[in-house]
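# Close look at the chain arrangement
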Amino acid sequence: MSGHSNKMSLEFSSRSENEAFARVAVAAFVAQLDPTLEELTDLKTVISEAVTNSIIHGYDNNPEGIVTITAEIEGDQIMLTVSDRGHGIEDVELARQPLFTSKPDMERSGMGFTIMENFMDEFEVTTELGAGTTIRMKKRIESKKALYN
Ligand SMILES: Nc1ncnc2c1ncn2[C@@H]1O[C@H](COP(=O)(O)OP(=O)(O)OP(=O)(O)O)[C@@H](O)[C@H]1O
Ligand SMILES: [Mg+2]
């Protein structure tokens, strides 16, 4: 596989029941890198956080929105994007602060971006008001096989 990337993409309605689908789909795709349980849990968590953000913030829970996920494996790295064509974010720097949330009334803790940033090696937000938001993330997977070699 070295030298060639392996890609997949998914599009689904912005419904909270699809969050579990997205987690499982990404986990199944990344399984070929033989990740540790901890790595797998981290990836599923960041996908959940990003997809939830698209649904509740990007689309205000409107189920007519479309969330797109892409995943690409290159060598021992996984690159993930989660995109929506929703509201966008006015002040990304503020939004990325730990504990910042624009929906405190809904019992959100404002930790989604902080979790994504901490669980992944690289994390980037691109957004445009009224146009949508894309999260790009990368993580190197320490294959379980490597532990025995
Ligand atoms: N896809 C998105 N579209 C529009 N706004 C977003 C999007 N993702 C995040 N935001 C904004 O960034 C803020 C911070 O997001 P973050 O995930 O860190 O916290 P939260 O979603 O408010 O709370 P938590 O993730 O802990 O439930 C959100 O409150 C929201 O204002
Ligand atoms: Mg969040």
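Definitions and cut-offs
- Residues numbered from 1 in each chain as written.
- Chains lettered and ligands numbered in written order.
- Predicted model: local features only at pLDDT ≥ 70, side-chain atom pairs only at ≥ 80, totals over all residues.
- Heavy atoms only, no water.
- UniProt positions renumbered as here; feature names shortened; annotations may be inferred.
- Helix = DSSP H or I, 4+ residues; strand = E, 2+ residues; numbered from the N terminus.
- Buried < 20%, exposed > 50% of the residue type's maximum accessible area, 1.4 Å probe, protein only.
- Pairing = 2+ DSSP bridges.
- Axes fitted to C-alpha atoms, helices over the stretch in contact; angles between N-to-C directions.
- Contact = heavy atoms within 4.5 Å.
- Core = buried A, V, L, I, M, F, W, Y, C linked by side-chain atoms within 4.5 Å.

Taking an unreviewed UniProt entry as the reference, the chain is identified by name as Anti-sigma F factor belonging to Paenibacillus dendritiformis C454. Database annotation for the chain, UniProt heading Function (unreviewed entry): "Binds to sigma F and blocks its ability to form an RNA polymerase holoenzyme (E-sigma F). Phosphorylates SpoIIAA on a serine residue. This phosphorylation may enable SpoIIAA to act as an anti-anti-sigma factor that counteracts SpoIIAB and thus releases sigma F from inhibition." Recorded in UniProt under Sequence similarities (unreviewed entry), the annotation for the chain is "Belongs to the anti-sigma-factor family."

### What about the environment of Ser16?
When you line up the elements, Ser16 lands in the loop between β1 (6-13) and α1 (18-30). Given the relative accessible area of 52%, Ser16 is considered exposed. Taking the C-alpha atoms as reference points, Ser16 and Glu124, separated by 108 residues in sequence, lie 23 Å from one another.

### Section: the sheet that holds β1
Strand order in this open sheet of five strands is β1-β2-β3-β5-β4, and the pairing throughout is antiparallel. Two strands bound the open sheet, and with one partner strand each, they are β1 and β4 (122-128). Strand-to-strand twist of the sheet, defined as the mean angle between neighbouring strand axes without regard to direction, takes the value 10°. The sheet contacts of helix α2 (residues 37-58) involve β1, β2 (66-74), β3 (77-84) and β5 (132-140), and relative to β3 the element is tilted by about 15°.

### Quick look at the pairing of β4
The pairing of β4 with β5 spans seven bridges and is classified as antiparallel. Across the sheet, residue Glu124 finds its bridge partner in β5, namely Arg136. In this antiparallel pair of consecutive strands, β4 and β5, the connection spans three residues, and Gly130 shows a positive phi of 80°.

### Notes on the nonpolar core
As a rule of thumb, nonpolar side chains are buried together in soluble globular proteins. Ile47, Val51, Ile69, Ile78, Leu80, Met116 and Met137 are the most contacted members of the largest nonpolar core, which has 33 residues in total. Those elements giving two or more residues to this core turn out to be β1, α1, α2, β2, β3, α4 (112-119), β4 and β5. Ranked by the residues each element gives to this core, the list is headed by α2, at seven residues.

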